[in-house]
Amino acid sequence: MSQDREAVRDRPIVVEDLCYAYGGKVVHDRLSFSVEPGRIVGLLGKNGVGKTTLIKLLMGFLAPVSGTCRVLGEASHALSAPTKRRIGLVFEGHLAYEFLTIEETERFLAPWYPRWRKAVFRDFMDRLGLPPGHRIGDMSEGQRSQVVLAAVLAQDPDLLILDDYTMGLDAGYRRLFLDHLVHHARAGSKTVFVTSHVVQDMERLVDDVILLRRGGSPYLGPLNEFMGSFRRFRLMAPDADLRAGGLLHNVEREADGTWSIYAFHPADVVGTTLQNAGIDPARLSEVPLSLEDAFVGYTGSY
């Protein structure tokens, strides 16, 4: 094995030729990617493309049909107890021990994690404005989420995996958590692997993106490269009939009859492509786009 290949295999997450299917439905087909240490990676995709399934595969809760998943140097289906203690995991829904109080939650969790950071947990809990004896089951969904997120950061994990942390959090607390998350990652060269339905959060949070889409290859790479190369154009040609293909990544008909065109190419290349298809590009214009716009354009609006 080459030195470069060995270096890749030592990364916090390595997925090679992963295939997974259930009930006759293929969820992942030869998916390959790796995550560099110290990076914040956003896994984005519409509902049903396999984001949570991928996290379950990484944690060994599901077994791939073929291919491999390695997490912190170990096969995902055989993670040792010491390695599991280095992973902070939050699943969508924020499972918490509702019969425990805030104080009891810390007392129960702390002994399992040698690097438990008491100050981090208590700082988050102080912001709740609730006494230590307050029972988790008597909290709102957003408050329970705050307890879970505080607990996972207090574990001081080397790899933090978050499957939609936003459940029930208001905008202010979500921003506070993201600030703490970035500090956690940057201060200790930690690795974060995160999914979210709030794409706007990802734009200010992640270094790299993995964009999953149905029936197509995923995009894997730095966020700034994606945003610098993926473009949206508007074409005022209501009588034209555009179809995605070739150099055009995606085309969508808007309600006003215009077309939105998405491509990894500049305006002159897109214009030539249209002209070669017999479509006048004279009324083609580039439109600024946010990450949310780019996400919809890359994966399709429906």
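Rules used throughout
Residues numbered from 1 in each chain as written. Predicted model: local features only at pLDDT ≥ 70, side-chain atom pairs only at ≥ 80, totals over all residues. Heavy atoms only, no water. Helix = DSSP H or I, 4+ residues; strand = E, 2+ residues; numbered from the N terminus. Contact = heavy atoms within 4.5 Å. Phe/Tyr/Trp six-rings, centres within 6.5 Å; stacked < 30°, edge-to-face > 60°. Lys NZ or Arg CZ within 6 Å of the ring centre and 35° of its normal. Core = buried A, V, L, I, M, F, W, Y, C linked by side-chain atoms within 4.5 Å. Buried < 20%, exposed > 50% of the residue type's maximum accessible area, 1.4 Å probe, protein only. Salt bridge = Lys/Arg side-chain N within 4 Å of Asp/Glu carboxyl O. Polar contact = N/O pair within 3.5 Å; in protein donor to acceptor, adjacent residues only side chain to side chain. Pairing = 2+ DSSP bridges.

1. Quick notes on the side chain of threonine 53
Link 1 in the chain: Summarising the element assignment, threonine 53 is placed in helix α2 (residues 51-58).
Link 2 in the chain: For threonine 53, the contacting residues outside a window of four places in its chain are Tyr20, Val27, His28 and Leu62.

2. Focus on the packing of aromatic side chains
Link 1 in the chain: By the definition in use, this model includes 18 aromatic pairs.
Link 2 in the chain: Ring geometry for tyrosine 97 versus phenylalanine 108: centroids 5.4 Å apart, planes at 75 degrees, classification edge-to-face. Residue tyrosine 97 is located in the loop between β6 (87-90) and α4 (102-109), and its partner phenylalanine 108 is located in helix α4; the two are separated by eleven residues in the primary sequence.
Link 3 in the chain: Ring-pair connections join several aromatic residues into one group, and the members of that group are Tyr219, Phe226, Phe230, Tyr262, Phe264 and Tyr298.
Link 4 in the chain: Here arginine 213 stacks its cationic end above the ring of tyrosine 298, 5.1 Å away from the centre of that ring.

3. Some remarks on the nonpolar core
Among soluble globular proteins, nonpolar side chains are generally buried collectively.
Link 1 in the chain: Ranked by internal contacts, the top residues of the largest apolar core, which has 51 residues, are Leu162, Tyr165, Phe177, Leu181 and Phe226.
Link 2 in the chain: If one sorts the elements of this core by residue count, helix α6 (residues 141-154) sits on top with eight residues.
Link 3 in the chain: With near-sequence residues (within four places) excluded, leucine 162 lies in contact with Val90, Leu149, Phe177, Leu181, Phe193, Val194 and Thr195.

4. A look at the pattern of salt bridges
Link 1 in the chain: Applying the stated criterion across every chain, the model contains 16 salt bridges.
Link 2 in the chain: Measuring nitrogen to oxygen at the nearest pair gives 3.0 Å for the salt bridge that ties arginine 135 to aspartate 138.
Link 3 in the chain: Among the salt bridges present, the one from lysine 190 reaches aspartate 156, with a minimum N-O distance of 3.4 Å. Here lysine 190 is found in the loop between α7 (171-187) and β8 (191-195), whereas its partner aspartate 156 is found in the loop between α6 and β7 (159-163), with 34 residues between them in sequence.
Link 4 in the chain: Through salt bridges with shared partners, a single network forms among Arg86, Arg115, Asp156, Asp158 and Lys190.

5. Thoughts on the side chain of histidine 28
Link 1 in the chain: Examined against the element boundaries, histidine 28 turns out to sit in strand β2 (residues 25-35).
Link 2 in the chain: A distance of 3.0 Å separates a polar side-chain atom of histidine 28 from the backbone oxygen of glycine 50.
Link 3 in the chain: Those residues in contact with histidine 28 that sit more than four places away from it in its chain are Leu18, Cys19, Tyr20, Val49, Gly50, Thr53, Leu54, Leu57 and Leu212.

6. With respect to the sheet that holds strand β4 (residues 66-71)
Link 1 in the chain: Strand order in the open sheet formed by four strands is β2-β1-β4-β5, with antiparallel pairing between adjacent strands. The sheet terminates laterally at β2 and β5 (74-75), the two strands that pair on one side only.
Link 2 in the chain: Pairing of strand β1 (residues 13-22) with β4, which is carried by five bridges, proceeds in the antiparallel orientation. Considered in β4, the bridge of isoleucine 13 is made with valine 71.

Function-wise, these values are silent; they only describe arrangement.
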